Amino acid sequence: MTEGSSVSSLDTRHRYEIPEGVLLQFRVAGPIVRACAWAIDLAWRSLVYLLVATLMIYLGGLGEGIILIGVFLIEWFYPVVFEIRSGATPGKRAMGLVVIQEQGLPVTPGASMLRNLLRSVDFLPFLYATGVVSMLCSRRFQRLGDLAAGTLVVYRDEPSAFNDPPPVQALKPPVSLSEEEQWLLLAFAERGEGLTRERREELAGLVAPVTGRRGEAGVNALYAYAHWILKGRR
């Protein structure tokens, strides 16, 4: 079912199969929602800078040294501390995001440090232009820091139970399906009713050479294959 693998190119999910054979799936966060998280964090940092500057006024010359040290620590270690503790800065948490390793594991201190040190490169020439270009060129929206550290920024989705596809008679797929293709088919069956009819038919049309059907008939064929796969998994 080679055509079925094309569905993955239309999705923004990152999939990783752990050694135990369990397939993990994560929704990767794009540039816009990450920019919103960055803006929230900037507001928090600016508030801290204001407090440090107020302290400098009261301390006179000694305060200048304190504010320089404070700015350095806040700018470089603010995200690292929060990512190590909970996987997300306040801005990311507000937007429902979390930083993880590509394998789905919590971000390590070393990876968090590396991805944040490279923010200076991603910022070039201004306003994270390099980072935005890198994200747009990556299927998983990784900036240079993420690529170097092997990290992803994903949505913090709550686990949910699998929703059975619409009731149709189970039908064995006409071709052998790989494990990944079976999961893609089940994902379509689970989410299909939440899509518009046109979108469902568009996705089903990608595998029309396999099903031999188009339109709503093609969608129902995929639902029938999903029921057949589910019978073998339960």
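Before reading further, recall that the structure is shown in the block above.
The rules we used
- Residues numbered from 1 in each chain as written.
- Predicted model: local features only at pLDDT ≥ 70, side-chain atom pairs only at ≥ 80, totals over all residues.
- Heavy atoms only, no water.
- Helix = DSSP H or I, 4+ residues; strand = E, 2+ residues; numbered from the N terminus.
- Contact = heavy atoms within 4.5 Å.
- Areas by Shrake-Rupley, 256 points an atom, 1.4 Å probe, with all protein chains shown as cover.
- Phe/Tyr/Trp six-rings, centres within 6.5 Å; stacked < 30°, edge-to-face > 60°.
- Lys NZ or Arg CZ within 6 Å of the ring centre and 35° of its normal.
- Patch = residues over 30% accessible without salt bridge, like charges linked within 9 Å, V, L, I, M, F, W, Y side chains within 5 Å.
- Salt bridge = Lys/Arg side-chain N within 4 Å of Asp/Glu carboxyl O.
- Buried < 20%, exposed > 50% of the residue type's maximum accessible area, 1.4 Å probe, protein only.
- 1 Å grid on protein atoms, 1.4 Å probe; cavity = no way out; pocket = protein on both sides within 12 Å on 5 of 7 lines; lining within 4 Å.
- Points joined across faces, edges and corners; volume = space filled by probe spheres on them.
- Nonpolar A, V, L, I, M, F, W, Y, C, P; charged D, E, K, R; others polar.
- Core = buried A, V, L, I, M, F, W, Y, C linked by side-chain atoms within 4.5 Å.

With that settled, consider the overall build of the protein chain. Within the protein chain, the secondary structure is distributed over eleven helices and four strands. Long-range pairs, those at least 24 residues apart, make up 67% of the contacts in the protein chain with a sequence separation of at least 6. Counting only carbon and sulfur atoms, one obtains 64% of the accessible surface of the protein chain, whose full area is about 13100 Å².

Overall, the coordinates contain five aromatic pairs when judged by the stated rule. With 5.1 Å between their ring centres and 80 degrees between their planes, F123 and Y128 make a pair best called edge-to-face. Within the aromatic cluster, the residues linked to one another by ring pairs are W38, F123 and Y128. The ring of Y155 carries R27 above its face, with NZ or CZ at 4.3 Å from the centroid.

Time to look at the side chain of Q142. Note that Q142 resides in the loop between α6 (129-136) and α7 (144-149). Not counting residues up to four positions away in its chain, the partners in contact with Q142 are E102, S134, M135, L147, T151 and L152.

Looking now at a nonpolar patch on the surface. On the surface, W38, L42, F123, F126 and L127 cluster together into a nonpolar patch covering about 480 Å² of accessible area. Along the chain, L127 turns up in the loop between α5 (119-123) and α6. Residue class for L127 comes out exposed when judged on its relative accessible area of 60%.

This next bit is on the environment of G91. Of note, G91 is situated in helix α3 (residues 90-94). Under the relative-accessibility criterion, G91 is labelled buried at 0%. When the C-alpha atoms of G91 and P79 are compared, they prove to be 9.7 Å apart, with twelve residues separating the residues in sequence.

What follows concerns the layout of surface pockets. Roughly 450 Å³ of volume is contained in the second largest pocket. Lining of the second largest pocket is provided by 23 residues; of these, R34, A35, W38, Y128 and R143 occupy positions nearest its centre. Of all the elements in the fold, those that place two or more residues in the lining of the second largest pocket are α1 (31-59), α2 (61-86), α4 (109-117) and α6. Broken down by element, the lining of the second largest pocket gets its largest block of residues, seven residues, from α1. Partitioning the lining of the second largest pocket into residue classes produces twelve nonpolar, three polar and eight charged.

The next subject is the pattern of salt bridges. Here the structure, examined in full by the defined rule, presents ten salt bridges. Where E83 meets R115, a salt bridge forms, and the shortest distance between an N and an O atom there is 2.8 Å. Separated by 32 residues along the polypeptide, E83 in helix α2 and R115 in helix α4 bring together distant segments of the chain. There is no split in this pair, since E83 and R115 are both buried. Two residues, R197 and E198, come together in a salt bridge whose shortest N-O distance is 3.4 Å. Given a relative accessible area of 44%, R197 falls into the partly exposed group. For E198, a relative accessible area of 52% gives the class exposed.

Moving on, we get to unusual backbone geometry. Residue P125 follows L124 across a cis peptide bond; omega there is -10 degrees. Locating P125 in the fold gives a position in the loop between α5 and α6. Of note, the phi angle at Y128 is positive, near 60 degrees, even though the residue is not glycine. Relative to the assigned elements, Y128 resides in the loop between α5 and α6. Phi at F141 takes a positive value of approximately 50 degrees, unusual for a residue other than glycine. Within the secondary structure, F141 is located in the loop between α6 and α7.

For soluble globular proteins, nonpolar side chains are generally found buried alongside one another. Ranked by internal contacts, the top residues of the largest apolar core, which has 16 residues, are L185, F188 and L222. Looking at this core, the elements that each hand over two or more residues are α8 (179-191), α9 (197-205) and α11 (215-233). If one sorts the elements of this core by residue count, α11 sits on top with eight residues. Among all residues touching L222, those that are not within four sequence positions of it are L185, F188, A204, V207 and T211. In terms of nonpolar packing, the next biggest core, distinct from the first, is built from nine residues, A37, L97, V99 and A149 among them.

All we've got here are geometric facts, nothing functional implied.
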